[in-house]
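# Examining the three-dimensional arrangement
If you want the building blocks of each chain, they are given just below.
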Amino acid sequence: MKTSLIIVGFFILGFFGGYADLLPESLGGSELSTYVLYLLMFLVGLSIGSDRRLKEILRTLRPKVLLVPLSTIVGALVGAALISLIISRWSPADCMAVGSGMGYYSLSSILIADLREASLGTQTAAALGTVALVSNILRELFTFLGAPLLARYFGPLAPINAGGATTMDSTLPIITRTSGEKWVFVAIIHGALTDLSVPFLVTFFCSL
């Protein structure tokens, strides 16, 4: 929760900084966000590749484990598509792009704002990026707060599905505590695969 508040705090600071024209014109907003996006993708690959548990995770990987991230991705996309039926401002593709964030708020929000700028305009694309930021932060917070109830009433996989891409890092401790240590590797694999799906799915739906 503390991490999420820090992220929101920096977003607010950035918003008011941009509103006050603190960013030099030579660093154009769209160009800068693209470079930040490249840096984020590099750091994601670096964190996964340097994980000391990677070899053990790959050695214990079984085909059935892949059904967990698959069900999370399908569920998120179906849910976003259904929500689009009652939200008139955003298209189904926009809603599904937001749903494709899988809890990875820092990457999905920047990616959506950057990719949709050409078709929606800077302000509208930024608004959609903000929606992605808030909705994915709320997903993480829901996992933190709701994991005990999810595990109790829906089984040990429920907190993992709810956590999305965060199950390999920030929500892993609460999942370990509520679902049990035997689900740690499943949570890490689930988080890594849903994490990797975010740039592909967001890019796809933003291109529609």
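Relevant structure appears above.
Residues numbered from 1 in each chain as written. Predicted model: local features only at pLDDT ≥ 70, side-chain atom pairs only at ≥ 80, totals over all residues. Heavy atoms only, no water.

## With respect to the nonpolar core
As a rule of thumb, soluble globular proteins bury nonpolar side chains together. This is how it is decided: For our purposes a nonpolar core is just a set of buried Ala, Val, Leu, Ile, Met, Phe, Trp, Tyr and Cys residues, chained together by side-chain atoms within 4.5 Å. The cut-offs for exposure are 20% and 50% of the maximum accessible area for each residue type, with area from a 1.4 Å probe on protein chains only; residues under the lower value are buried, those over the upper are exposed, and the others partly exposed. Starting at the N terminus, helices and strands are each numbered in turn, a helix being any DSSP run of H or I of at least four residues and a strand any DSSP run of E of at least two. A contact between two residues is defined here by any heavy atoms of the two lying within 4.5 Å.
With 22 residues, the main nonpolar core has Met-102, Ile-112, Val-198, Val-202 and Phe-205 as its most contacted residues. Elements with a minimum of two residues in this core: helix 4 (67–83), helix 5 (92–99), helix 6 (105–115), helix 8 (122–154) and helix 11 (184–206). Considering each element in turn, this core owes the most residues, 5 residues, to helix 11. Each residue touching Val-198, except ones within four places of it in the same chain, is listed here: Ser-100, Gly-101, Met-102, Tyr-104, Leu-107 and Ser-108. Residues Val-68, Ala-147, Trp-183 and Val-184 belong to the second largest nonpolar core, which totals 11 residues.

## Some details on the packing of helix 4 against helix 5
Put simply, the test is: Note on method: axes are straight lines fitted to C-alpha atoms, helices fitted across the in-contact stretch only, with angles between N-to-C directions ranging 0 to 180 degrees. By convention, the crossing between two helices is left-handed when the near helix turns anticlockwise from the far helix through less than a right angle, and right-handed when the turn is clockwise. Only Asp, Glu, Lys and Arg are considered charged in this grouping, and only Ala, Val, Leu, Ile, Met, Phe, Trp, Tyr, Cys and Pro are considered nonpolar; every other residue, Gly among them, is considered polar.
In the contact formed by helix 4 and helix 5, the axes pass within 8 Å of each other and the chain directions differ by 145 degrees. The element helix 4 and its partner helix 5 pack so that their crossing is right-handed. Residue-level contacts link Ala-76, Leu-77, Ala-80 and Ala-81 of helix 4 to Cys-95, Met-96 and Gly-99 of helix 5. The residue inventory of the contact of helix 4 with helix 5, partitioned by class, reads 6 nonpolar, 1 polar and no charged.

## A word on the packing of aromatic side chains
We apply this condition: Ring pairs are drawn from Phe, Tyr and Trp, using the six-membered ring of Trp, whenever the two centres fall within 6.5 Å, and their geometry is named by plane angle: stacked under 30 degrees, edge-to-face over 60, tilted for the rest.
Inspection of every chain in the model, using the stated rule, returns 1 aromatic pair. Considering the side-chain rings of Phe-204 and Phe-205, the 5.1 Å spacing of their centres and the 70 degrees angle between planes classify their relative orientation as edge-to-face. Accessibility expressed as a relative area gives 45% for Phe-204, which makes it partly exposed.

## Side note on the pattern of salt bridges
For clarity, the threshold we go by: Salt-bridge detection follows one rule: a side-chain nitrogen of Lys or Arg within 4 Å of a carboxyl oxygen of Asp or Glu.
Counted under the stated rule, the structure contains 1 salt bridge. Measuring nitrogen to oxygen at the nearest pair gives 2.9 Å for the salt bridge that ties Asp-94 to Arg-116. Taken as a pair, Asp-94 in helix 5 and Arg-116 in the loop between helix 6 and helix 7 (117–120) lie far apart in primary sequence, 22 residues in all. Across the pair, exposure class does not vary: Asp-94 and Arg-116 are buried alike.

## Focus: the environment of Ile-174
The topology assignment puts Ile-174 in helix 10 (residues 172–179). On the accessibility criterion, Ile-174 (11% relative accessible area) is buried. Spatially, the C-alpha atom of Ile-174 lies 8.3 Å from that of Pro-148, the residues being 26 residues apart in sequence.

## So, helix 11
Note the threshold: By definition here, a helix of n residues has an expected span of 1.5 Å times n minus one. In this scheme, the bend at a residue equals the angle between the axes fitted to the seven residues that finish there and the seven that begin there.
For helix 11, with 23 residues, the first-to-last C-alpha span of 33 Å sits near the 33 Å given by 1.5 Å per residue. A bend of about 35 degrees at Val-198 is the largest found in helix 11, and the proline Pro-199 appears one to four places after it.

## Here's the deal with unusual backbone geometry
For Met-102, which is not glycine, the phi torsion reads 50 degrees and is therefore positive. One can find Met-102 in the loop between helix 5 and helix 6.

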